[in-house]
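Understanding the architecture of this molecule
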Amino acid sequence: QDIAWECAEALGIDLSRIVLIRSVGEWGLKVIGSLVEGFSFVVVGDVDVAPRHQRALAARSRAVDTTILTMHPWLTVSAPFSTTLSPLRGRKEAS
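Cut-offs applied
Residues numbered from 1 in each chain as written. Predicted model: local features only at pLDDT ≥ 70, side-chain atom pairs only at ≥ 80, totals over all residues. Heavy atoms only, no water. Helix = DSSP H or I, 4+ residues; strand = E, 2+ residues; numbered from the N terminus. Buried < 20%, exposed > 50% of the residue type's maximum accessible area, 1.4 Å probe, protein only. Polar contact = N/O pair within 3.5 Å; in protein donor to acceptor, adjacent residues only side chain to side chain. Contact = heavy atoms within 4.5 Å. Core = buried A, V, L, I, M, F, W, Y, C linked by side-chain atoms within 4.5 Å. Axes fitted to C-alpha atoms, helices over the stretch in contact; angles between N-to-C directions. Parallel < 35°, antiparallel > 145°, perpendicular 65-115°, else oblique. Left-handed = near helix turned anticlockwise from the far one by under 90°. Nonpolar A, V, L, I, M, F, W, Y, C, P; charged D, E, K, R; others polar.

Mapped onto the elements, Thr66 comes out in the loop between helix H3 (51–63) and strand E2 (67–70). Judged by relative accessible area, Thr66 falls into the buried class, the value being 9%. Reaching out from Thr66, the side chain makes a polar contact with the backbone oxygen of Val36 at a distance of 3.0 Å. When neighbours within four sequence positions are excluded, Thr66 is seen to be in contact with Val36, Phe39, Ser40, Phe41, Val42 and Ser61.

It is worth spelling out the environment of Gly25 at this point. Here Gly25 is to be found in the loop between helix H1 (5–10) and helix H2 (28–38). Sequence spacing of Gly25 and Val47 is 22 residues, and the spatial spacing of their C-alpha atoms is 8.6 Å.

Counting residues in each nonpolar core, the largest one holds seven residues, listed as Ile32, Val36, Val42, Val44, Val49, Leu57 and Trp74. Elements that contribute at least two residues to this core include exactly H2 and strand E1 (41–44). Apart from residues no more than four positions distant in its own chain, Val42 is found in contact with Leu35, Val36, Thr66, Thr67, Ile68 and Leu69.

Interaxial distance between H2 and H3 falls to 10 Å at its minimum, and their mutual angle equals 10°. When the axis of H2 is compared with that of H3, the two are roughly parallel. Every pair of crossing elements has a handedness; the one defined by H2 and H3 is right-handed. In this structure, H2 contributes Leu29, Ile32, Gly33, Val36 and Glu37 to the contact, and H3 contributes His53, Leu57, Arg60 and Ser61. Residue composition of the contact of H2 with H3, grouped by class: four nonpolar, three polar and two charged.

The structure is reproduced here in structure tokens:
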């Protein structure tokens, strides 16, 4: 899935403070664990994380005040989140 970087920037997100890792291979759990230690917000895409590891990562993220947003529910620790995007105001249409 593509991320709408232009939209994120328009919403005030400092793109210079974002790290995008496209693929973690078999190292998903270690990569997520490391990111939780260094960032205040971690988005997890299609990474297979066993429920026991989900709980451990969630506990660690709470301890260091990091938010984990997953693209798929983590069975034992997820809280639903949804949003509706509306058109940006003041944006010029391409001609």
